[in-house]
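Chain by chain, the residues run as shown.
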Amino acid sequence: MLQKLSISNYALIDNLEISFDSGLNILTGETGAGKSIILGALSLILGQRAESRYFFNQQRKCVIEGSFKIAAFHLKQFFEDNDLDYEAETVLRREISADGKSRAFVNDTPVNLPALKALGEKLIDIHSQHATLEINDPEFQLLVVDAAAKHEELLNDYRSKFSAYKKATARLRQLIEESDNAKADLDYFQFQYDELEKASLSADEQENLERELYTLNNAGEIKRNLLAAHYLMQEGETSAIIQLSEAGHKLTLLEKFNPQIAELYQRLKSAIIELKDIATEIETIEQRTHTDEARAEEINTRLSLIYNLQKKHRLNSNIELLQLQEDLSGKIQQAVFGDEAIEKLQQQLNANKKELEQLAGELSANRKKAIPGTEIQVLQALTEMGMGNAALKIELSTAPGHNSPLGGLGANGTDSVHFLFTANKGHSLAEMSKVASGGELSRLMLGIKSLIAQNTALPTIIFDEIDSGVSGEVANKVGQVMARLADNLQVIAITHLPQIASKGQSHYFVYKDEEGATTYTRIKQLDKQERVFEIAKMLSGDKPGESALQNAKDLLGSLQ
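Within any chain, residue numbers begin from 1 and follow the written order of that chain's sequence. Note on the predicted model: pLDDT of at least 70 is required for a residue's local features to be given, and 80 or more for side-chain atom pairs to be given and counted; whole-chain, interface and lining totals, by contrast, use all residues. Side-chain figures throughout are based on the complete set of non-hydrogen atoms in the structure, without hydrogens or water.

## Focus: the overall build of the protein chain
Counting from the N terminus, the helices are DSSP H or I runs at least four residues long and the strands are E runs at least two residues long. When helices and strands are counted, the protein chain shows 18 helices and 14 strands. A compact globule built from 560 residues would reach a C-alpha radius of gyration of about 24 Å, whereas the protein chain, at 43 Å, exceeds it by more than 25%. With respect to the principal axes defined by its C-alpha atoms, the protein chain has extents near 140 × 70 × 40 Å. Counting every position in the protein chain, which comprises 560 residues, the buried fraction comes to 42%. Once local pairs closer than 6 in sequence are excluded, the contacts in the protein chain between residues at least 24 apart make up 71%. Radius of gyration means the value over C-alpha atoms here, while the globule rule gives 2.2 Å times the residue count to the 0.38 power. Exposure categories follow from relative accessible area, calculated using a 1.4 Å probe and restricted to protein chains: below 20% of the type maximum is buried, above 50% is exposed, and the middle band is partly exposed. Two residues form a contact once any of their heavy atoms are found within 4.5 Å.

In structure tokens:
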């Protein structure tokens, strides 16, 4: 439900805040006072486009914020799907700058306009005389029948299993396509795989071979420098080791004079031992280093094979070639054994389809059983609202689509619902939009919504002057139906009729206020005495007499 609406810098509104009650909320006021302005501001947080020319002050941004209680609407999945923080009390906010740039937020998280609109449609349902699209929507008509059938648990079970069946069907199509493609290319895949397998590649082979080839190609230079280093360290008459050994001898002669020299001699002795080890290793490496043309040719041949394979497959390393080999193996397995996986999945789908068809059959039976009572209840509500000659027929048929991949199964079963209506005796039944006026459609929608609300959590409903064309006792009955509807959900009604205004649990008066050269739209919640006076004005004019005041008290009745 809509708890609070805050409007800043929109049209004739500078700053305005409204707190709504959970039942029937009434908005009244003279024509042009600004009731439609409030609805226009509300539509902005429901995702409608905005224009900066409607700002109260063109130098400031416009901010609209609505606070909603949403715990009853099962919207956690919507919040997860849109990566939003779920809050039982959720705040929608819209900010429009003076240059027309717009930003939208849900619980302070930025969202795009389509996401805001999608959420708004789940929270607020606005009806005017000319808003007839929903009532002609087959999905809405099916919702009406499902609400009357009271099989929400069965329907949710079917929807969950249908969603899984739909995904599995798509997976089966993908497997079949992949298997067909794999079979068509099997010989080609097998040739490529055999070529790679024969090459017996390893991940680090290329790097090791390139390093070995580099050594072989430079063996002469390596050998010369190693010999020179060994000569300087150990072979020459003045080699480093001979020189250091002589230095060590000199130190031994001095040990008796200074104990610290003995320590230095030991360190020098260790260095000579380390140098001898290094010289030995240099000699070993030098002896192992030699030119080997046969080995170099062997490496060149192997590297040519690797380079050619990489060039052929447009890859850059052995690791990528090995991954390609693995992928080819998978495609070959798909071609050879894919039919088994397809057959297994097909069998599972057949079993799932049978279960879905059984559940769809139960849904159809429930709907068929619920339709007569639905027709009667809607017509009773219409009769109560002055449409006693109306006729309604709800047709239930099998939805087209047996040739589709899902075999006629849909998100809600196999049924299609179609409402046929006439508001006048002797006229043929037809689509509602073709045979009913705006006021008649509004009353029809009111009757249908009051039926649905008995069994299903519905969003806040706003009725925008749907009482056009009714008066007297009929208007009173329309008000009573609205009041009953408000027992199950929040209703906000904009009306000019005292009979409807008197049924509200809360009454808000919209008016214009002039301060100097500026006109403002204001709103206030009326207390008991103010309600009596306002309804008396709606009955007889700006200066109601005692009779009008008494009539207003009578209309308010037990609410006073």
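## Overview of empty space enclosed by the protein
Rolling a probe over the atoms, with the probe sized like a water molecule, indicates the empty space that remains. Any residue with an atom within 4 Å of a point lines the site, the site being either a cavity, points on a 1 Å grid over the protein atoms alone where a 1.4 Å probe fits but cannot get out, or a pocket, an open set with protein on both sides within 12 Å along at least 5 of 7 lines. Grid points are joined across faces, edges and corners, and a volume is the space filled by probe spheres set on the points. In total, this model carries two cavities of 30 Å³ or more according to the counting rule given. Of the pockets and cavities examined, the largest cavity occupies roughly 60 Å³. For the largest cavity, the full set of lining residues is L2, L5, F20, L27, K35, I38, L39, L42, I462, I492 and I494. For the lining of the largest cavity, the elements supplying multiple residues, two or more each, are β1 (2-10), α1 (35-44) and β12 (491-494). Classification used: nonpolar for Ala, Val, Leu, Ile, Met, Phe, Trp, Tyr, Cys and Pro, charged for Asp, Glu, Lys and Arg, polar for all others including Gly. A per-class count over the lining of the largest cavity returns 10 nonpolar, no polar and one charged.

## Concerning the sheet that holds strand β3 (residues 24-28)
Read from one edge to the other, the open sheet built from six strands follows the order β8-β11-β12-β3-β13-β14, with strand pairing classed as mixed. The two strands at the open ends of the sheet, each matched to only one other strand, are β8 (124-128) and β14 (518-525). Taking each pair of neighbouring strands and ignoring which way they run, the sheet shows an average axis angle of 20 degrees. Here, any two strands with at least 2 DSSP bridges between them count as paired. Direction of pairing for strand β11 (residues 460-464) relative to β12: parallel, over a ladder of four bridges. Among the inter-strand pairings, D464 is bridged to a residue of β12, identified as I494. Lines are fitted to the C-alpha atoms to define the axes, a helix being fitted only along its stretch in contact, and any angle between axes, read from their N-to-C directions, falls within 0 to 180 degrees.

## Quick look at the layout of surface pockets
Of the voids in this model, the largest pocket is the one considered here, and its volume is about 2000 Å³. Residue lining of the largest pocket: 46 residues in total, with E121, K122, L143, A457 and P459 positioned closest to the centre. If you list the elements that add at least two residues to the lining of the largest pocket, you get α2 (76-81), α3 (113-123), β8, α4 (138-149) and α5 (152-184). In the lining of the largest pocket, the residues fall into 20 nonpolar, 13 polar and 13 charged. In this structure, the second largest pocket spans a volume of roughly 230 Å³.

## Re helix α15 (residues 472-485)
Counted at 1.5 Å a residue, the expected span for α15 with its 14 residues is 20 Å, and the 20 Å between its end C-alpha atoms agrees. Every buried residue of α15 is accounted for by A475, N476, V478, G479, V481, M482 and L485. By this rule the span expected of a helix is its residue count minus one, scaled by 1.5 Å.

## Some remarks on the pairing of β3
When you tally the buried positions in β3, you get five out of five residues, the bulk of the element. Residue alternation in β3 divides its side chains into two sets, L24, I26 and T28 and N25 and L27, and both sets are buried. As paired strands, β3 and β12 are joined by four bridges and run parallel to one another. Across the sheet, L24 pairs through a bridge with V491, a residue of β12. In this sheet, strand β13 (residues 506-515) lies alongside β3 in parallel orientation, the contact comprising four bridges. Across the sheet, T28 pairs through a bridge with F509, a residue of β13.

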